[in-house]
Amino acid sequence: MWVIEYFGKINYAGRQRELSLSQEAFRSVEDIHGLMSMVQRTPKPSVLAVYYAKLTEIFWTSESHYLYHAYAWLELFNLHRSHNKNLTQKDLQLLASSALLAALSVTPYYDHESGLSHLELENEKERSSRMANLLNFSFDSKRENREQVSRASLLSELAASGVVSCASQEVQDLYNLMEHEFLPLDLALKVQPLLSKISTVGGKLSAAPSVPEIQLSQYQPALEKLTTLRVLQQASRVFQSMRIDTLSRMIPFFDFNVVEKIAVDAVKHNFVAMKVDHLSGAVRFSNTEIESDVFGASHLIGVLADSLNKAVHKPSEVGEDSISLAGVVEKEHQRLLARKSIIEKRKEDYERQILEKEKAEEARRLSIQKKSADEERERLLKERRLREQQRIRQEIEDRAQREIGKTEQKVTKQGAMELVSRYLAYKMSRQGMEKKLEKLARRMDHLERARRQEEAPLIEEAFRKRVEEEKLLHEQEQLRETELSDQRHAGDLLEKKRLSRLLDHKNAFQERVVQGREAEFLSLTKEREERINQLISSRKRERETARKLTYYLKMEERRIQRAREEEEQRIQRAREEEEQRIQRAREEEEQREEEERKRRGEAPPASSNQPWRRRSGPPANSSSSGSWRH
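All values reported here derive from a predicted model rather than from experimental measurement.

Novice: Hey, could you run me through the sheet that holds strand β4 (residues 275-277) in this one?
Specialist: Pairing between the strands of a sheet is mediated by backbone hydrogen bonds and can be parallel or antiparallel. In space, the 3 strands of this open sheet follow the order β3-β5-β4, with antiparallel pairing throughout. Taken across any chain shown, the strands that pair with only one partner, and hence form the sheet edges, are β3 (241-243) and β4. Across this sheet, the average inter-strand angle for adjacent strands is 25°, counted without regard to direction. With 3 bridges connecting them, β3 and strand β5 (residues 282-284) associate as antiparallel partners. Residue Met-242 lies in a different strand from β5, and its bridge partner there is Val-283.

Novice: Help me understand a nonpolar patch on the surface, please; the structure alone is not making it clear to me.
Specialist: On the surface, Leu-549, Tyr-552 and Leu-553 cluster together into a nonpolar patch covering about 330 Å² of accessible area. Within the element layout of this structure, Leu-553 appears in helix α18 (residues 503-600).

Novice: How should I be thinking about the pattern of salt bridges in this particular structure?
Specialist: Tallied over the entire structure, the rule returns 29 salt bridges. Here Arg-480 ties to Glu-477 by a salt bridge, and the two come within 2.7 Å at their closest N and O atoms. Of this pair, Arg-480 and Glu-477 both sit in helix α17 (residues 413-499), 3 residues apart, which is roughly one turn of that helix. We classify Glu-477 as partly exposed; its relative accessible area is 22%. With a closest N to O distance of 2.6 Å, Arg-498 and Glu-495 form a salt bridge. Note that Arg-498 and Glu-495 are positioned in helix α17 at a spacing of 3 residues, about one turn of the helix.

Novice: Looking at this model, I keep getting lost on helix α11 (residues 187-198). Mind explaining?
Specialist: Since there are 3.6 residues in each turn of an α-helix, residues three or four apart along the chain are aligned in direction. Taking 1.5 Å per residue as the helical rise, α11 with its 12 residues ought to reach 16 Å, and the 17 Å between its terminal C-alpha atoms agrees with that figure. Listed as buried for α11 are Leu-187, Ala-188, Val-191, Leu-194, Leu-195 and Ile-198. Buried residues of α11, seen end-on, are gathered within an arc of 125° and therefore sit on one face of the element. Of the surrounding secondary structure, the elements contacted by the buried residues of α11 are α5 (89-104), α10 (169-179), α12 (220-238) and α13 (244-250).

Novice: I would appreciate a short explanation of the packing of α5 against helix α8 (residues 151-160) in the present structure.
Specialist: A packed helix pair is summarised by two numbers, namely the angle formed by the two axes and the spacing between the axes. As a packed pair, α5 and α8 sit with axes 10 Å apart at the nearest point and diverge in direction by 160°. Classified by the angle their axes make, α5 and α8 are roughly antiparallel. Here the hand of the crossing between α5 and α8 comes out left-handed. Contacts between α5 and α8 involve Ala-99, Leu-100, Ala-103 and Leu-104 on the former and, on the latter, Arg-151, Leu-154, Leu-155 and Leu-158. Of the residues belonging to the contact of α5 with α8, the class tally is 7 nonpolar, no polar and 1 charged.

Novice: Can you help me understand the nonpolar core in this one?
Specialist: Looking at soluble globular proteins, one finds that nonpolar side chains tend to be buried together. Ranked by size, the top nonpolar core spans 75 residues in total, and within it Trp-73, Leu-101, Leu-158 and Leu-174 carry the most contacts. Setting aside its immediate chain neighbours within four residues, Leu-174 contacts Leu-101, Val-191, Leu-194, Leu-195, Ile-198 and Leu-223. Core analysis: the next-biggest nonpolar cluster, separate from the first, contains 5 residues, Ile-392, Ala-400, Tyr-426 and Leu-437 among them.

Novice: What is the right way to read unusual backbone geometry from this model?
Specialist: Leave glycine aside and you will find that most residues have negative phi; peptide bonds, for their part, are mostly trans. Phi at Asn-270 takes a positive value of approximately 60°, unusual for a residue other than glycine. Within the secondary structure layout, Asn-270 lies in the loop between α14 (256-268) and β4. Residue class for Asn-270 comes out exposed when judged on its relative accessible area of 55%.

Novice: So what exactly am I meant to see when it comes to the confidence of the model for the protein chain here?
Specialist: Low-pLDDT stretches of the model should not have their predicted coordinates read in fine detail. Residues of the protein chain with pLDDT of at least 70 account for 72%, and the chain-wide mean is 77. Helix α19 (residues 623-629) is the least confidently modelled element of the protein chain, averaging 39 in pLDDT, while α18 averages 92, the highest of any element. Scored below 50 in pLDDT, residues 137-147 makes 20 contacts in the model with residues more than four places away or belonging to other chains. Segment residues 288-297 is flagged for pLDDT under 50; beyond a separation of four residues in sequence, or across chains, it makes 6 contacts in the model.

Novice: Looking at this structure, I do not really get α10. What am I missing?
Specialist: Taken together, the buried positions of α10 are Val-171, Gln-172, Leu-174, Tyr-175, Leu-177 and Met-178. Those residues of α10 hidden inside the fold are in contact with α5, α8, α9 (163-166), α11 and α12.

Novice: Help me understand the packing of helix α4 (residues 66-83) against α5 in this model?
Specialist: Between α4 and α5, whose axes approach to 8 Å, the crossing angle comes to 160°. One element, α4, and the other, α5, form an angle in the roughly antiparallel class. For the element pair α4 and α5, the recorded crossing hand is left-handed. In this structure, α4 contributes Tyr-66, His-69, Ala-70, Trp-73, Leu-74, Phe-77, His-80 and Arg-81 to the contact, and α5 contributes Leu-92, Leu-95, Ala-96, Ser-98, Ala-99, Ala-102 and Ala-103. Among the residues making up the contact of α4 with α5, the classes are represented as 11 nonpolar, 3 polar and 1 charged.

Reading the values: rules and limits
- Residues numbered from 1 in each chain as written.
- Predicted model: local features only at pLDDT ≥ 70, side-chain atom pairs only at ≥ 80, totals over all residues.
- Heavy atoms only, no water.
- Pairing = 2+ DSSP bridges.
- Helix = DSSP H or I, 4+ residues; strand = E, 2+ residues; numbered from the N terminus.
- Axes fitted to C-alpha atoms, helices over the stretch in contact; angles between N-to-C directions.
- Patch = residues over 30% accessible without salt bridge, like charges linked within 9 Å, V, L, I, M, F, W, Y side chains within 5 Å.
- Areas by Shrake-Rupley, 256 points an atom, 1.4 Å probe, with all protein chains shown as cover.
- Salt bridge = Lys/Arg side-chain N within 4 Å of Asp/Glu carboxyl O.
- Buried < 20%, exposed > 50% of the residue type's maximum accessible area, 1.4 Å probe, protein only.
- Expected span 1.5 Å × (residues − 1).
- Arc of directions from axis to C-beta.
- Contact = heavy atoms within 4.5 Å.
- Parallel < 35°, antiparallel > 145°, perpendicular 65-115°, else oblique.
- Left-handed = near helix turned anticlockwise from the far one by under 90°.
- Nonpolar A, V, L, I, M, F, W, Y, C, P; charged D, E, K, R; others polar.
- Core = buried A, V, L, I, M, F, W, Y, C linked by side-chain atoms within 4.5 Å.
- pLDDT = per-residue confidence, 0-100.

So, in structure tokens, the structure goes:
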């Protein structure tokens, strides 16, 4: 029965995947896993093959679980290699290639957990544990789940299980280039022909009908993104800066806009440190804090160079400037040392605050974990009691049923009396057992109440101590924060006093920049107005031409219509004249016939449908026949 429900769930998950409803499909897969866990025996390999095949499709459709998609492919490969005796070498190679490409498609910074809180880490571990249960029932429980479900552990497992050696040669070369080679300038150029060959490989497995048709071309976008990330990572280790067009030539897969989006995501996950400077058209691979310190030092060196230039351009005051120059250099050196010490102190304070915050979160997490563990322990205890009671009752009922079944065939008067006595004994023993159970339940309740009464003052004492410690820690933090604020304020005042003498230079520079930008803005505005005027004039000419063309077409259409109407009127007049001429000819003919009859003395005919026609035969009466012949 569970097999029918299993395949129903499989079909439902497939339909949800086709409709891109990954959440519903994932819930269906969890239901399928629950059904297989409920069964005492291990599912058949054919059933597991269908299960893992559907998992690969669902995880690939979700677009955020590529790692679990690769794990599903690994399990499917191991299952077919172990149990499918009809598997050919070509099918095995295609399965291995798909599993290895699925693992390579996972982003390298997928395992990075920097910046996550403890609650997010716990949620991530819980999700990894659920995925591990869905994918593999034989994971090592001594290790952490996060150590198991990761890209690095997956690749090491692929290499250990022989998947890499079973893959095709192009896929093996791609794996070596991505994971073991260091070619920042030529990596993309060597990967591109391999991707072109791999994208043409695919097909249906002859000995595995449960596996859907494999097309390795579906991994090409993810592999191109991985190549871009590897190029950026390797270039950051070799170069300090690089031209944007050079980097674009190194990555022929995407435009630089797409490369920049990929780089932003990599910098966000601390995979690579870089910055794009569009003004200078360069990409800089360095740390932001180091850049700020270098900029400050270069700024101070520039101030010192300005002072030296002033001393050189004033020869009359060389003596006085040379005397004060050593003092200026010494003051600048002291300022640099003070600034360095302030930066170090701020960094230490920031690290200490982070550490204290982590300690507080860890304590909160431990308290929540302890509370959940206590609740779970109480729940398990209640369930154990309930199961014990049900077991005792079931044993009593089974014993009674067996005794009753033995005596059913030999029912006599004496047997009936014995049966009644046995039933009464069974009833009394059952009542005694129920009393024992009630006594045991009361005893357990008393023990639980006593335990809680004993631990209540201990919990209150621990809570009081914790409140006192946190209050003392809060007061210390307040004092330390006040001292740090005073120190920062004093340092800011000194910095303001030191930088106040640069205000004139700053204003002059600002004025130059504003004037240059105003001039540029005016020129751009003028060019824009000229373009708008040209566009207006060109559109006006186009509208005038279109209006004239429309007028000409309309007039031509009217002329044609008028000519057609005149032609129709002419034809109508000709038709009417022709009819009038025919009518006159008919009347003249009738008049001539009438005159002819009068002249001959004949009576007019009684009826004639065509009076205008002349008779061709002789008259009807015989009296006029002679005159007719005459």
